[in-house]
Protein chains: 2
Amino acid sequence: MLNVLTPDQVLRLIESAFQPRQNVILREHGAVAGDVLAEDVAASEYVPDFDRSTVDGYAVLSKDTFGCSDAIPAILPVIGAVQMGETPDFKLSPGTCAAIPTGGALPEGADAAVMVEYTEDYGDGTVGILKSAAPGQNLIFRGDDVKPGDVLFSKGRTLTPSDIGALAALGKTKLSVVAPLKVGVISTGDELVAPEEVPGPGQVRDVNTPMLLALLKDWNVEAVDFGRVPDVEAELLKRVSEAAERCDLVLISGGSSVGQKDAVCRVLETVGEVLMHGIAIKPGKPTILARTKDGKPLVGLPGHPAAAYYIARLFVRPLVDRLRGENHPERTVTALLTESVNANHGRAQITACKLEQRDGAVFAVPIRSKSGLITQLARADGFFVIPRDCEGLPQGAAVDVILNH
Amino acid sequence: MLNVLTPDQVLRLIESAFQPRQNVILREHGAVAGDVLAEDVAASEYVPDFDRSTVDGYAVLSKDTFGCSDAIPAILPVIGAVQMGETPDFKLSPGTCAAIPTGGALPEGADAAVMVEYTEDYGDGTVGILKSAAPGQNLIFRGDDVKPGDVLFSKGRTLTPSDIGALAALGKTKLSVVAPLKVGVISTGDELVAPEEVPGPGQVRDVNTPMLLALLKDWNVEAVDFGRVPDVEAELLKRVSEAAERCDLVLISGGSSVGQKDAVCRVLETVGEVLMHGIAIKPGKPTILARTKDGKPLVGLPGHPAAAYYIARLFVRPLVDRLRGENHPERTVTALLTESVNANHGRAQITACKLEQRDGAVFAVPIRSKSGLITQLARADGFFVIPRDCEGLPQGAAVDVILNH
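What you see is a predicted model; the values in this text were computed from it and never measured.

1. Here we look at the relation of the copies chain B and chain A
Point 1. When chain B is brought onto chain A, the operation consists of a screw motion whose angular component is 180° and whose axial shift is 0.0 Å, with 0.1 Å RMSD remaining. Look at the turn and shift together and you get a two-fold axis relating the two. Distance from the rotation axis, computed per C-alpha, reaches its smallest value in chain B at valine 333 of chain B: 3.2 Å.
Point 2. Of the interface residues in chain B, 100% have counterparts in chain A that sit at the interface too, so the contact is made through matching surfaces.

2. A short note on helix 3 (residues 208-218) of chain B
Point 1. Within helix 3 of chain B, the full set of buried residues consists of Asn208, Thr209, Met211, Leu212, Ala214, Leu215 and Leu216 of chain B.
Point 2. In the stretch just after helix 3 of chain B, asparagine 220 of chain B is the one whose phi turns positive, near 65°.

3. Quick notes on a negative patch on the surface
All names here are of chain A.
Point 1. Residues Asp70, Glu120, Asp121 and Asp124 make up a contiguous surface patch of negative charge.
Point 2. Within the secondary structure layout, aspartate 121 lies in strand 8 (residues 119-121).
Point 3. A relative accessible area of 54% places aspartate 121 in the exposed class.

4. What about the sheet that holds strand 9 (residues 126-129) of chain B?
All names here are of chain B.
Point 1. Strand order across the open sheet formed by six strands is 7-4-6-5-9-8, with mixed pairing between neighbours. Where the open sheet ends on each side, the last strands, each with one partner, are strand 7 (112-115) and strand 8 (119-121). Across this sheet, the average inter-strand angle for adjacent strands is 40°, counted without regard to direction.

5. Re the interface of chain B and chain A
Point 1. Chain B puts 63 residues into the contact, and the matching count from chain A is 63 residues.
Point 2. Summed over both sides, the interface of chain B with chain A buries roughly 5100 Å², with 59% coming from carbon and sulfur.
Point 3. Scanning the region where chain B abuts chain A turns up two salt bridges.
Point 4. A salt bridge links arginine 205 of chain A to glutamate 45 of chain B, with the nearest nitrogen and oxygen atoms 2.5 Å apart.
Point 5. Summed over the shared surface of chain B and chain A, the number is six residue pairs in polar contact (both at pLDDT 80 or more).
Point 6. Breaking the side of chain B that touches chain A down by element, the ones donating at least two residues are strand 10 (139-140), strand 11 (151-153), helix 2 (161-169), helix 3, strand 22 (332-337) and helix 7 (374-379) of chain B.
Point 7. By residue number, the principal contributor to the side of chain B that touches chain A is helix 2 of chain B, which donates eight residues.
Point 8. A class-by-class count of the residues in the side of chain B that touches chain A yields 30 nonpolar, 17 polar and 16 charged.

6. Focus on the side chain of serine 253 of chain B
Residues and elements named next belong to chain B.
Point 1. If you trace the backbone, serine 253 turns up in strand 17 (residues 249-253).
Point 2. In this structure the side chain of serine 253 is engaged in a polar contact, spanning 3.2 Å, whose partner is the side chain of asparagine 208.
Point 3. Excluding residues that lie within four positions of it along the chain, serine 253 makes contacts with Ile186, Ser187, Thr188, Asn208, Leu301 and Pro302.

7. Some thoughts on the pattern of salt bridges
Point 1. Within this structure, the stated rule accounts for 36 salt bridges over all chains.
Point 2. Glutamate 242 of chain B serves as the salt-bridge partner of arginine 246 of chain B, at 3.6 Å between the closest nitrogen and oxygen. Of this pair, arginine 246 of chain B and glutamate 242 of chain B both sit in helix 4 (residues 233-246), four residues apart, which is roughly one turn of the helix.
Point 3. The class of arginine 246 of chain B is partly exposed, set by a relative accessible area of 45%.
Point 4. Ionic contacts of the salt-bridge type, sharing partners, join the residues Arg317, Asp321, Arg324 and Glu326 of chain A into one network.

8. Some details on the sheet that holds strand 17 (residues 249-253) of chain A
The strands making up a sheet are joined through hydrogen bonds of the backbone, oriented either antiparallel or parallel.
Residues and elements named next belong to chain A.
Point 1. Strand order in the open sheet made by the six strands is 16-13-17-21-20-18, with mixed pairing throughout. A strand with exactly one partner marks an edge of an open sheet, and here the two such strands are strand 16 (222-229) and strand 18 (272-277). Averaged over all pairs of adjacent strands, the angle between their axes in this sheet comes to 20°, without regard to strand direction.
Point 2. In the sheet, strand 13 (residues 182-188) pairs with strand 17 via five bridges, with the strands oriented parallel. Each residue of the ladder has a partner; that of serine 187, found in strand 17, is serine 253.
Point 3. Against the sheet, helix 1 (residues 7-17) contacts strand 18 and strand 20 (288-292), and its axis sits at roughly 155° relative to strand 18.

9. A short note on the confidence of the model for chain A
Predicted coordinates in regions of low pLDDT should not be interpreted in detail.
Point 1. Scored by pLDDT, chain A comes out at a mean of 92, with 97% of its residues at no less than 70.
Point 2. Interface confidence for the predicted complex, expressed as ipTM, amounts to 0.88; the pTM equals 0.90.

10. Overview of unusual backbone geometry
All names here are of chain A.
Point 1. With an omega dihedral of -10°, the bond running from valine 47 to proline 48 counts as a cis peptide bond.
Point 2. Tracing the backbone shows proline 48 in the loop between strand 2 (41-42) and strand 3 (52-53).
Point 3. The backbone of asparagine 138 shows a phi angle near 60°, a positive value even though the residue is not glycine.
Point 4. Position of asparagine 138 relative to the elements: it lies in the loop between strand 9 (126-129) and strand 10 (139-140).
Point 5. Its relative accessible area of 21% is what places asparagine 138 among the partly exposed residues.

11. Quick look at the packing of helix 1 (residues 7-17) of chain B against helix 6 (residues 305-324) of chain B
All names here are of chain B.
Point 1. In the contact formed by helix 1 and helix 6, the axes pass within 10 Å of each other and the chain directions differ by 20°. In terms of orientation, helix 1 and helix 6 fall into the roughly parallel class. The two elements helix 1 and helix 6 cross, and the hand of that crossing is right-handed. Within the contact between the two elements, helix 1 uses Pro7, Val10, Leu11, Ile14 and Glu15 and helix 6 uses Leu314, Phe315, Pro318, Leu319 and Arg322.
Point 2. Class assignment for the residues of the contact of helix 1 with helix 6 results in eight nonpolar, no polar and two charged.

About the criteria used
Residues numbered from 1 in each chain as written. Chains lettered and ligands numbered in written order. Predicted model: local features only at pLDDT ≥ 70, side-chain atom pairs only at ≥ 80, totals over all residues. Heavy atoms only, no water. Least-squares fit on C-alpha atoms with pLDDT ≥ 70 in both. Contact = heavy atoms within 4.5 Å. Buried < 20%, exposed > 50% of the residue type's maximum accessible area, 1.4 Å probe, protein only. Helix = DSSP H or I, 4+ residues; strand = E, 2+ residues; numbered from the N terminus. Patch = residues over 30% accessible without salt bridge, like charges linked within 9 Å, V, L, I, M, F, W, Y side chains within 5 Å. Areas by Shrake-Rupley, 256 points an atom, 1.4 Å probe, with all protein chains shown as cover. Salt bridge = Lys/Arg side-chain N within 4 Å of Asp/Glu carboxyl O. Lys, Arg positive; Asp, Glu negative; His and termini not counted. Charge placed at Lys NZ, Arg CZ, Asp CG, Glu CD. Pairing = 2+ DSSP bridges. Axes fitted to C-alpha atoms, helices over the stretch in contact; angles between N-to-C directions. Buried area = accessible area lost by both parts, 1.4 Å probe. Polar contact = N/O pair within 3.5 Å; in protein donor to acceptor, adjacent residues only side chain to side chain. Nonpolar A, V, L, I, M, F, W, Y, C, P; charged D, E, K, R; others polar. pLDDT = per-residue confidence, 0-100. Parallel < 35°, antiparallel > 145°, perpendicular 65-115°, else oblique. Left-handed = near helix turned anticlockwise from the far one by under 90°.

Given below as structure tokens:
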């Protein structure tokens, strides 16, 4: 039996024991949101790709406008009008100007744009410029935003819908992304019945299978349901071996009895090597991390659904990130505790909470549940972790809440 | 031409002009994450479903322990051991006790549990209780967490993975959820080419189609791509009519020229009724909201990708929520501005930003982009809105950042 590790030690173990898989697929027609980039993406174009005006008005030679004012306008003949999306087929010579819309391409010769508000159209083919323009004023130049070679997205980034837009804009439709991760889910225990059944005495519904499948789907992982296995070690071994064969990662959520946990541990020792047995966190201590002979991770999760949920969020997600080579910052909301929370020195403590927004601040209301059962999950907006070297937090303390949604 | 509306007026118009659809589907084998509940979900069981111990130790009659201490233990014969998941087949009579694990069912007769740490096993079938227990101590009673009839989730809730767990635990596998919303996406403009093409002079890549499809998928909406339509009003009319026929909502992102926008507006007037033309927000002003003769919403989005993205997040998502009867709070992160941001009095201003966490606080770094083009989307973690009655925000001001991911 290995020692219990602290949460930080577990995260370090995940980094040291597992490497990103090298499986990459090529998206030929654009990546999709949720894809993890397997390469840096650098621009191959200029943005914008031509010098353009940022205002509706007139393209001018700035020196023609120096010293002009409402009282002494610079009167310039309008020699043309720039059309959106067209390269001007004329050029400005000193003492002339051209109408230009926002985003219009700057005609050759011009070096500034004047807002229409600072001009007067005399109706005879000339306009008066009422305010002098500095060179470059109201212009954006080719490549001001992006130049070829600029890295826009780094390897490991999980693409968002706005990223999909940016990639489309830059014509980046052929991309190497991390191949979808396949994760197997097994629930063990004679006492488990399907969620639609009414449990008899000593039976409980299998909550972990549907919950873990939903979480994995949320993480853009291909989840494979290997079903419920009774407490027969040979059967569990067979199922775990099959799942490890077919998947990149296997989650086995154990029953709640000591005997069941031992069985999971023995099976994981048979299939590979147990790296860790127990995390100094509450709830969630009975967690096992193992590795098959060919290096695939296997996780024994607590049977208790709330604990399995928290351990999945806090440790399985980082493991998934590691396997995908993903740089995934967990999104938290900083909130102020509405009441003090006690904790146990020596192990980290997870507390479910609701979030309330009032008076311009966000408050975390801890959920008191003696049972620590499903109501925690049903009523909570998220949860926070009190570090193990802390005996509790006072009312008003700031906590980083990990959101359930 | 209707007046330009403020952002708040647009949100109120969405509420008043459209009603939740009544299309409901029954999930026979459990809802899935992202489903929107079409009914309140009340518990039909007690949680926990029996009185149980919250500690490992001994079930006792509290009065047998009154007054005991380390020096004067109450010595009780152990008449049985409660097994996990089993109803005890014995009952405690005064002067006896029984071993009980955490979560074990309380035997009849017992009214408290004593932690094993406060007992001494004499090895002769008796234990010494070293600390008195109050009635109810270390117990949780049937229904303490949830009683039949308690509403766990309200109609309109978007289910999360943890909700899926809670529903499974309560056996709530048959649920009415809102039927998937079908949203059509059309891009208009002669200048549009596919993202994989290299735009010629005056051409631009169609960014909005892939971006909007990705956003809609992220919202758990069934998105239908109706492709790119050239600037021919009859063709646009045909395509919009077809999309409105097949979908619950149609998004038409317009070209950037005035002529194109007018064409979209005329088409929407033909298909139904234009409710609003222009939002006092920058970017995003050229937005149109219309309604078909049978009450379906049609939205004309700006052609500019960043503007289309923001308008989709700020207004199309609330419209989708309205149609689904969904109670969807937009998740924001409160952050402190690292520099002052100017705004234009009279219209709300959207500013993209990066988020940085340091010194225990979250900072929003505004992204300066003269072009307001794709780099905003590529480099930003989110965006914030400066209200229209505000001329700007100073460095250090708190802003609510809407996250891009």
